[in-house]
Every structure is written in structure tokens, then in C-alpha cells.
Amino acid sequence: MEPRGRLAGKVAIVTGAARGTGAAVARRFVAEGARVVLADVLDEPAAALARSLGDAALFQHLDVAVEAEWARALEEAVRRFGRLDVLVNNAAVLHMAPIAETTPEDFLRVVRVNQLGTFLGVRAAIAPMRAAGGGSIVNVSSVDGLRGQNGVVAYASTKWAVRGITRVAALELG
């Protein structure tokens, strides 16, 4: 039986897919007919979720801040499912502390995943999406990318940056 749903025939990569929003997105995409690569550094929970979703899902270890791992994830998606239509850049980390207690190392750890990871994902998706005739990139930001609040200087700054990356990508790639 052919898959049915709004995403029938589509292939997606969802980062941060081991739990939370990423897991919910992966489940919904499969329910809507997509084949999904669940990408995460949390190998066991992501692999277990992929197994539970059946043949329409595949787990791929992916540290979003490592360009070579993006290349491997995209190659595996195309090898297994034939194309790439959707990228959901969802992976993120949160560091909660006042500015005075946030070290440069804390700040850069959040930037590495939330901001650099989003940039690398967008960049990596361009060629396979063009080969597929187009696609959609969803970069997950936060209300913290719209307003400031106490204790989230690193997180909020990266989510503002994700909004900027998204706007530039829409102009350049749309």
C-alpha cells in the first residue's frame, strides 16, 4: 500500500530527534507518510524511536556542529531513501545562568550546537534538495529569539541568530 498523508513520498531529516519536539516531529512526519532520518547524539533513545517507527525511519548519529557528520547524514539519507525534501533543524542545548555566571566556554557550547549546527544543516541540505527539485528547511527558534529574559544570554543570542540565518536562507534559496 502506498503511503498516504501530507508528506507522502517526502524524505526528511530531523535533528534532535531523540526526545521532545524532535521526537514528536519525527513521529508526526512518519504518520503523514514521510520517510525520516532521526538524527541525534543521543544514540540509544533515537535508535529506539527509529526502530519503533518501522521501515520509514532510520537513525543516524549526528553532532550538528561537525560538518563531516552532516555530510555522512545526508549521504545516508539519500542512499537509504533516494532524496532529501525536508530538513528540520531542531537540535539545541540550553544553558541557564546569569551573564555574570556564564563562562565563554558555556556560551560557545550553546553557540556551537544551536547556531553553528543550524548554519551547517542549511548549508549541507542545499545540494541534495536542489537535486530533488526543491525542498523545505525548518529552523526551530524560540520565544527567546523574539525577546530577552533573565538567565538565558547564550540560548537567546543563538535563537536570535537562528532567525537571522533563516531570513538569509529564505532570500538566497527561496
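Placed above this text is the structure.
What counts, and where the lines are drawn
Sequence order as written defines the numbering, with residues in each chain counted from 1. Local features in this predicted model are restricted to residues whose pLDDT is 70 or higher, and side-chain atom pairs enter the listing and the counts only when it is 80 or higher, whereas totals over whole chains, interfaces and linings include all residues. Processing note: side-chain calculations cover all non-hydrogen atoms of the structure and skip hydrogens and water entirely. The pairing criterion is simple: DSSP has to find at least two bridges between the two strands. Runs of H or I in DSSP of at least four residues are treated as helices and runs of E of at least two as strands, each being numbered from the N terminus. Geometry is summarised by axes, namely lines fitted to C-alpha atoms with helices restricted to the contacting stretch, and by angles between N-to-C directions that run from 0 to 180 degrees. For this analysis, residues touch if any pair of their heavy atoms sits within 4.5 Å. By definition, the crossover connecting two strands over a helix is right-handed if that path, from the first strand to the second, turns clockwise as seen with the strands pointing away from the viewer. Here a cavity is any set of points on a 1 Å grid over the protein atoms alone where a 1.4 Å probe fits but cannot get out, and a pocket is any open set with protein on both sides within 12 Å along at least 5 of 7 lines; a residue lines the site when it has an atom within 4 Å of a point. Grid points are joined across faces, edges and corners, and a volume is the space filled by probe spheres set on the points. Gly falls in the polar group here, along with every residue not listed as nonpolar (Ala, Val, Leu, Ile, Met, Phe, Trp, Tyr, Cys, Pro) or charged (Asp, Glu, Lys, Arg). What makes a nonpolar core is a set of buried Ala, Val, Leu, Ile, Met, Phe, Trp, Tyr and Cys residues whose side-chain atoms join them at distances within 4.5 Å. The buried label applies to any residue whose accessible area, calculated with a 1.4 Å probe on protein chains only, is under 20% of its type's maximum; exposed applies above 50%, and partly exposed to all values in between. Note that the term roughly parallel is reserved for angles under 35 degrees, roughly antiparallel for angles over 145, roughly perpendicular for angles of 65 to 115, and oblique for everything else. The crossing is said to be left-handed when, going from far helix to near helix, the turn is anticlockwise and less than a right angle, and right-handed when the turn is clockwise. Pairs of N or O atoms are called polar contacts if they sit within 3.5 Å, as long as, within protein, a hydrogen donor faces a hydrogen acceptor (for residues adjacent in sequence, only side-chain-to-side-chain pairs).

Novice: Could you give an account of the sheet that holds strand β4 (residues 86-89), with specific residues and numbers?
Specialist: Pairing in this open sheet of five strands is parallel, and the strands run β3-β2-β1-β4-β5 from one edge to the other. Of all strands in the sheet, those bounded by a partner on one side alone are β3 (57-61) and β5 (136-139). This sheet shows a mean twist of 15 degrees between the axes of neighbouring strands, independent of strand direction. Bridge count between strand β2 (residues 35-40) and β3: five bridges; the pairing is parallel. Along β3, the bridge assignment pairs valine 37 with leucine 58. Along the sheet face, helix α4 (residues 104-131) touches β4 and β5 and points at about 180 degrees away from the line of β4.

Novice: Can you tell me about the pairing of β5, naming the residues and giving the values?
Specialist: Two elements, β4 and β5, share four bridges in a ladder whose sense is parallel. Its bridge partner lying in β5, valine 88 is registered against valine 138. Note that the unit made of β4, α4 and β5 has a crossover that is right-handed.

Novice: Just give me the short version of the layout of surface pockets, but keep the residues and values in it.
Specialist: Size it by volume and the largest pocket reaches roughly 450 Å³. Looking at the largest pocket, it is lined by 23 residues, and the ones nearest its centre are Gly16, Asn90, Ala91, Ala92 and Val93. When residues of the lining of the largest pocket are traced back to their parent elements, those giving at least two are α1 (20-31), β2, α4 and α5 (153-173). With three residues, the single largest contributor to the lining of the largest pocket is α1. Along the lines of polarity and charge, the residues of the lining of the largest pocket split into eleven nonpolar, seven polar and five charged. In this structure, the second largest pocket is lined by 13 residues; those nearest its centre are Gly135, Ile137, Ala169, Leu173 and Gly174. For the lining of the second largest pocket, the residue count by class is seven nonpolar, five polar and one charged.

Novice: I'd love a proper account of empty space enclosed by the protein, names of residues and values included.
Specialist: Vacant regions in the atomic arrangement are exposed by a probe of water-molecule size rolled over the atoms. Taken as a whole, this structure holds one cavity of 30 Å³ or more when the rule is applied. Taken as a whole, the largest cavity spans an internal volume of roughly 30 Å³. Surrounding the largest cavity, Thr15, Val64, Asn89, Asn90, Ala91, Val113, Gly117 and Thr118 form its lining. Here the residues of the lining of the largest cavity sort into three nonpolar, five polar and no charged.

Novice: Describe the nonpolar core, naming the residues involved and giving the relevant values.
Specialist: Counting residues in each nonpolar core, the largest one holds 19 residues, and the members touching the most others are Ile13, Val37, Leu62, Val64, Trp70, Leu84 and Leu87. In terms of residue count, helix α3 (residues 67-81) provides more of this core than any other element does, five residues in total. Ignoring anything within four residues of it in the chain, the contact list for tryptophan 70 reads Thr15, Leu62, Val64, Leu87, Asn89, Gly117, Leu120, Gly121 and Ala124. The next biggest cluster of nonpolar side chains, apart from the first, holds 18 residues, and it includes Ala26, Leu38, Leu53 and Val88.

Novice: Could you give me a rundown of the packing of α3 against α4, with the residues and numbers involved?
Specialist: The geometry of α3 relative to α4 is characterised by a closest axis approach of 10 Å and an angle of 40 degrees between their N-to-C directions. Of the possible angle classes, the one that applies to α3 and α4 is oblique. As for how α3 packs across α4, the hand of that crossing is right-handed. Along the contact surface, α3 presents Glu67, Trp70, Leu74 and Val78, while α4 presents Gly117, Leu120, Gly121, Arg123, Ala124 and Pro128. When its residues are assigned to classes, the contact of α3 with α4 shows six nonpolar, two polar and two charged.

Novice: Any chance you could break down the environment of serine 141 for me, citing the residues and the numbers?
Specialist: Relative to the assigned elements, serine 141 resides in the loop between β5 and α5. Judged by its relative accessible area of 23%, serine 141 falls in the partly exposed class. Along the primary structure serine 141 and tryptophan 160 are separated by 19 residues, whereas in three dimensions their C-alpha atoms are 7.6 Å apart. Other than its neighbours up to four places away in sequence, serine 141 contacts Lys159, Val162 and Arg163. A distance of 3.1 Å separates a polar side-chain atom of serine 141 from the backbone oxygen of lysine 159.

Just geometry here; none of it tells us what the structure is for.
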